[in-house]
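# Architecture and fold: a report
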Amino acid sequence: QVQLVESGGGLVQPGGSLRLSCAVSASIFSFDVLSWYRQVPGNQRELVASAFRYGSSKYSDSVQGRFTISRDFAKNTVDLQMNSLKAEDTGVYYCNGERGSTSGSKDNYWGQGTQVTVSS
């Protein structure tokens, strides 16, 4: 069974930066998609950024140009560099991995989340 563990969250002022890291217990090479989501209480979980198998990436409109998702193959992590942070970036950030199973279906794995608070 796959485990994902997020770290790097904390309190930061508007305009500041944070770098989140997701450690994955299985090789990140085995995942078709690695993503970061975020959630505020009372709202649906929102896709923030995704990194795909062959190197492409995708971002939500709200973070485009400010956030960067990357895979660190040496550390077996997927990271999220967050710059120019805004108050609306506040939330619990979750790491997600998606890959095909031996049965042919898709499996999704989630981390426990890490809190990011952007406030002055």
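Going by the structure above, here's the rest.
Here's what I pulled together on the structure shown here. For clarity, every value in this text was computed on a predicted model and none was experimentally measured.

## What to know about the side chain of Thr77
- Relative to the assigned elements, Thr77 resides in strand 8 (residues 77–82).
- Dropping the residues within four chain positions of it, Thr77 is found in contact with Ser21, Cys22, Ala23, Ile28, Ser70, Arg71 and Asp72.

## Notes on the side chain of Ser50
- Positionally, Ser50 belongs in strand 5 (residues 46–52).
- Classification of Ser50 as buried rests on a relative accessible area of 5%.
- At a separation of 2.7 Å, a polar atom in the side chain of Ser50 contacts the side chain of Ser35.
- Beyond its immediate sequence surroundings of up to four residues, Ser50 is in contact with Val33, Leu34, Ser35, Ser56, Ser57, Lys58 and Ile69.

## Notes on unusual backbone geometry
- Although it is not a glycine, Asn76 sits at a positive phi angle of roughly 55°.
- Mapping Asn76 onto the fold places it in the loop between strand 7 (67–72) and strand 8.
- Given the relative accessible area of 18%, Asn76 is considered buried.
- In the Ramachandran plot, Ser84 falls in the positive-phi region, its phi being about 50° despite a non-glycine side chain.
- As for its placement among the helices and strands, Ser84 is situated in the loop between strand 8 and strand 9 (91–100).

What counts, and at which threshold
- Residues numbered from 1 in each chain as written.
- Predicted model: local features only at pLDDT ≥ 70, side-chain atom pairs only at ≥ 80, totals over all residues.
- Heavy atoms only, no water.
- Helix = DSSP H or I, 4+ residues; strand = E, 2+ residues; numbered from the N terminus.
- Contact = heavy atoms within 4.5 Å.
- Buried < 20%, exposed > 50% of the residue type's maximum accessible area, 1.4 Å probe, protein only.
- Polar contact = N/O pair within 3.5 Å; in protein donor to acceptor, adjacent residues only side chain to side chain.

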